[in-house]
Amino acid sequence: MVKKKLTHILLSALITIATGAVARAQSSPPFKLAVFDIELDDFTAGGPIAGESPEETARLQRMTALARELLTQSGLFEIVDGSAATDQRVKDHWLRKCNGCDADIARRLGADLSFVCFFRKVSVMEQYLEMRIRDARTGELAHISQTDLRGETDQSWTRALKFLMRYHLVEPELARRNHPLQP
């Protein structure tokens, strides 16, 4: 009888703790995230001289729209349009090489965090995708993840972006926020 009562009390306590953790995670306001246009870092022979092709530019625009959609759907972030910035480095798609200047730009836009993402093209078959999130107040990297991909197609770029978003950013952050032992 005592064992049943103790088990019931313990289960009730665990349910209360879990419910409280979920409520805290759901009640915490989303971070304001300045999402800048996804960039292309072209290391192919002649690529930097030739510049982006119209197909690459269109694909980058589609990937930026997809990134904003996935980040919004996660419920973790309130998206701030990074392309609204007047800084020339944003217009030139140079944030991947500015050593954290994106944090200052994001702060000026009223965001808590900055999001810089780029595809690094080594060849048509060998490419990498990297995402960086910085604290807009301190400039410190809050998140960085990278994956490689093969082939320069909408399908390969979309898969790489969805993979990093889901498994390296959204799901780990949701798990961290919902963990009842975290402050």
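Parameters at a glance
- Residues numbered from 1 in each chain as written.
- Predicted model: local features only at pLDDT ≥ 70, side-chain atom pairs only at ≥ 80, totals over all residues.
- Heavy atoms only, no water.
- Salt bridge = Lys/Arg side-chain N within 4 Å of Asp/Glu carboxyl O.
- Helix = DSSP H or I, 4+ residues; strand = E, 2+ residues; numbered from the N terminus.
- Buried < 20%, exposed > 50% of the residue type's maximum accessible area, 1.4 Å probe, protein only.
- Phe/Tyr/Trp six-rings, centres within 6.5 Å; stacked < 30°, edge-to-face > 60°.

All right, on to the pattern of salt bridges then. Considering all chains together, one arrives at 21 salt bridges under this definition. Note that Glu56 is salt-bridged to Lys121, the shortest N-O span being 2.6 Å. Here Glu56 is found in helix 3 (residues 54-74), whereas its partner Lys121 is found in strand 4 (residues 113-121), with 65 residues between them in sequence. Under the relative-accessibility criterion, Glu56 is labelled buried at 5%. Note that Arg177 is salt-bridged to Glu173, the shortest N-O span being 3.0 Å. Residue Arg177 and its partner Glu173 are located together in helix 6 (residues 154-178), separated by four residues, close to a single helical turn.

This structure, assessed with the given rule, holds two aromatic pairs. Here Phe119 and Trp157 contribute two aromatic rings whose centre-to-centre distance is 3.9 Å and whose plane-to-plane angle is 10°, an arrangement assigned as stacked. Separated by 38 residues along the polypeptide, Phe119 in strand 4 and Trp157 in helix 6 bring together distant segments of the chain. We note that Phe119, like Trp157, is buried. Between the aromatic rings of Phe163 and Tyr167, the centroid separation amounts to 5.6 Å while the plane-to-plane angle is 45°, which identifies the pairing as tilted. Note that Phe163 and Tyr167 are positioned in helix 6 at a spacing of four residues, about one turn of the helix. Given a relative accessible area of 35%, Phe163 falls into the partly exposed group.

Time to look at unusual backbone geometry. When glycine is set aside, most residues are seen to have a negative phi, and most peptide bonds are trans. If you check the backbone angles, His93 has positive phi at about 55° while not being a glycine. Secondary-structure assignment places His93 in the loop between helix 4 (88-91) and helix 5 (101-108). Accessibility expressed as a relative area gives 26% for His93, which makes it partly exposed. In this structure, Asn99 takes a positive phi of about 55° despite not being glycine. Locating Asn99 in the fold gives a position in the loop between helix 4 and helix 5. What makes Asn99 exposed here is its relative accessible area of 75%.

Read these as geometric descriptors, not functional statements.
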